[in-house]
Amino acid sequence: MKSPIIDLKDVPAIVQSRHLDDFENLWRGMLLELNEEDAFWSWAMKKRLSNNDARFEAYAIEYEGLTQGLMWLETQWHRSWPNPIHGLVYVEALTSAPWNRQNLEDPLYLKGVGSALLLFARQRSVSLGYQGRVGLHSLPEVEESYQRQNMPDYEQDPDKEDLRYFEFGVM
């Protein structure tokens with residue numbers, strides 16, 4: 001059976017308590033059992049920072065009433081690696097529900113969650129005047145996802161635990 005693909009009309013919403021509940025009650029146990037690095041992320045803290053600091057924004061994407069993905073953005077302080085005169089939207093954290101991960105499920109419950117969130121980050125970048133520039137450091141197990149998106153790879157960053165840095169340029 002083919003996995004449904006997230007429809008881009010399902011625009012991410014600002015993270016609400018129900019999204020945090022889904023992460024804590026449905027995702028975290030699975031992620032811990034599977035030894036996934038993002039099992040330890042505190043989405044409650046990310047939501048709090050987003051509510052109290054204008055630099056941060058937290059989004060969730062839902063499908064059939066269930067949280068399918070979460071993303072946390074920083075919108076003011078990051079600069080482009082190839083051209084530091086330009087600002088960009090920096091993806092501090094992006095995660096998909098365990099049942100939507102290529103490395104964990106076959107077939108996936110839902111395809112395209114991470115791509116939809118990344119596209120939303122680019123659209124948010126345009127709306128902020130950054131012309132679609134988006135940067136992020138990738139966990140090793142999802143680097144291929146960004147490569148499949150044709151997101152330029154700027155190598156490992158020794159200042160960020162040797163994670164690979166990826167950055168979209170102008171749309």
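Refer to the preceding data block for the structure.
Residues numbered from 1 in each chain as written. Predicted model: local features only at pLDDT ≥ 70, side-chain atom pairs only at ≥ 80, totals over all residues. Heavy atoms only, no water.

### Topic: a negative patch on the surface
Stage number 1. Residues Glu37, Glu141, Glu161 and Asp162 make up a contiguous surface patch of negative charge.
Stage number 2. Within the secondary structure, Glu161 sits in the loop between strand 6 (153-157) and strand 7 (163-168).
Stage number 3. Exposure remark for Glu161: the relative accessible area of 73% places this residue in the exposed category. (Patch = residues over 30% accessible without salt bridge, like charges linked within 9 Å, V, L, I, M, F, W, Y side chains within 5 Å. Areas by Shrake-Rupley, 256 points an atom, 1.4 Å probe, with all protein chains shown as cover. Salt bridge = Lys/Arg side-chain N within 4 Å of Asp/Glu carboxyl O. Lys, Arg positive; Asp, Glu negative; His and termini not counted. Charge placed at Lys NZ, Arg CZ, Asp CG, Glu CD. Helix = DSSP H or I, 4+ residues; strand = E, 2+ residues; numbered from the N terminus. Buried < 20%, exposed > 50% of the residue type's maximum accessible area, 1.4 Å probe, protein only.)

### Quick look at the layout of surface pockets
Stage number 1. Of the voids in this model, the largest pocket is the one considered here, and its volume is about 1,000 Å³.
Stage number 2. Lining of the largest pocket is provided by 38 residues; of these, Leu94, Thr95, Val142, Ser145 and Tyr146 occupy positions nearest its centre.
Stage number 3. Of all elements in the fold, only strand 4 (89-96), helix 3 (113-127), strand 5 (134-138) and helix 4 (143-148) reach the threshold of two or more residues within the lining of the largest pocket.
Stage number 4. Tallying contributions element by element places strand 4 first for the lining of the largest pocket, with seven residues.
Stage number 5. Of the residues assigned to the lining of the largest pocket, the class counts are 15 nonpolar, 12 polar and 11 charged. (1 Å grid on protein atoms, 1.4 Å probe; cavity = no way out; pocket = protein on both sides within 12 Å on 5 of 7 lines; lining within 4 Å. Points joined across faces, edges and corners; volume = space filled by probe spheres on them. Nonpolar A, V, L, I, M, F, W, Y, C, P; charged D, E, K, R; others polar.)

### Some words on the sheet that holds strand 5
Stage number 1. The strand order across the open sheet formed by seven strands is 1-2-3-4-5-7-6, and the pairing between neighbours is mixed. The open sheet has two edge strands with one neighbour each: strand 1 (13-14) and strand 6.
Stage number 2. Relative to the sheet, helix 3 contacts strand 2 (56-63), strand 3 (66-74), strand 4, strand 5 and strand 7, its axis offset from that of strand 4 by approximately 160°. (Pairing = 2+ DSSP bridges. Contact = heavy atoms within 4.5 Å. Axes fitted to C-alpha atoms, helices over the stretch in contact; angles between N-to-C directions.)

### Some remarks on the packing of aromatic side chains
Stage number 1. With the rule as written, the count across this model stands at eight aromatic pairs.
Stage number 2. Relative to Trp72, the ring of Phe56 lies with its centre 4.8 Å away and its plane at 20°, an arrangement referred to as stacked. Of the two residues, Phe56 is situated in strand 2 and Trp72 in strand 3; the sequence distance between them amounts to 16 residues.
Stage number 3. Taking the relative accessible area as the measure of exposure, Phe56 reaches 10% and is therefore buried.
Stage number 4. The exposure class assigned to Trp72 is buried, which follows from its relative accessible area of 7%.
Stage number 5. Between Tyr146 and Phe166, the aromatic rings sit 5.6 Å apart at their centres with planes inclined by 45°, giving tilted as the arrangement. (Phe/Tyr/Trp six-rings, centres within 6.5 Å; stacked < 30°, edge-to-face > 60°.)

### Let's talk about helix 1 (residues 17-33)
Stage number 1. In this model helix 1 runs 24 Å from its N-terminal to its C-terminal C-alpha over 17 residues, within 8% of the 24 Å that 1.5 Å per residue would give.
Stage number 2. Approximately 50° is the largest bend angle found in helix 1, and it occurs at Trp27.
Stage number 3. Residues His19, Leu20, Asp22, Phe23, Trp27, Arg28 and Leu31 constitute the buried set of helix 1.
Stage number 4. The elements touched by buried residues of helix 1 are strand 1, helix 2 (43-52), strand 2, strand 3 and strand 4. (Expected span 1.5 Å × (residues − 1). Bend = angle between axes of the 7 residues up to and from the residue.)

### Focus on a nonpolar patch on the surface
Stage number 1. Taken together, the side chains of Leu26, Met30 and Leu34 define a hydrophobic patch exposed on the protein surface, amounting to about 230 Å² of accessible area.
Stage number 2. Secondary-structure assignment places Leu34 in the loop between helix 1 and helix 2.
Stage number 3. Leu34 sits in the partly exposed class, given a relative accessible area of 42%.

### Overview of the pairing of strand 2
Regular strands place side chains that alternate from one sheet face to the opposite one.
Stage number 1. Of all eight residues in strand 2, six are buried; the element is thus mostly enclosed.
Stage number 2. Direction of pairing for strand 2 relative to strand 3: antiparallel, over a ladder of eight bridges. Paired with Tyr59 across the strands is Met71, a residue of strand 3.
Stage number 3. Taken together, strand 2 and the strand that follows it, strand 3, pair antiparallel across an intervening segment of two residues, in which Glu64 is found at a positive phi of about 50°.

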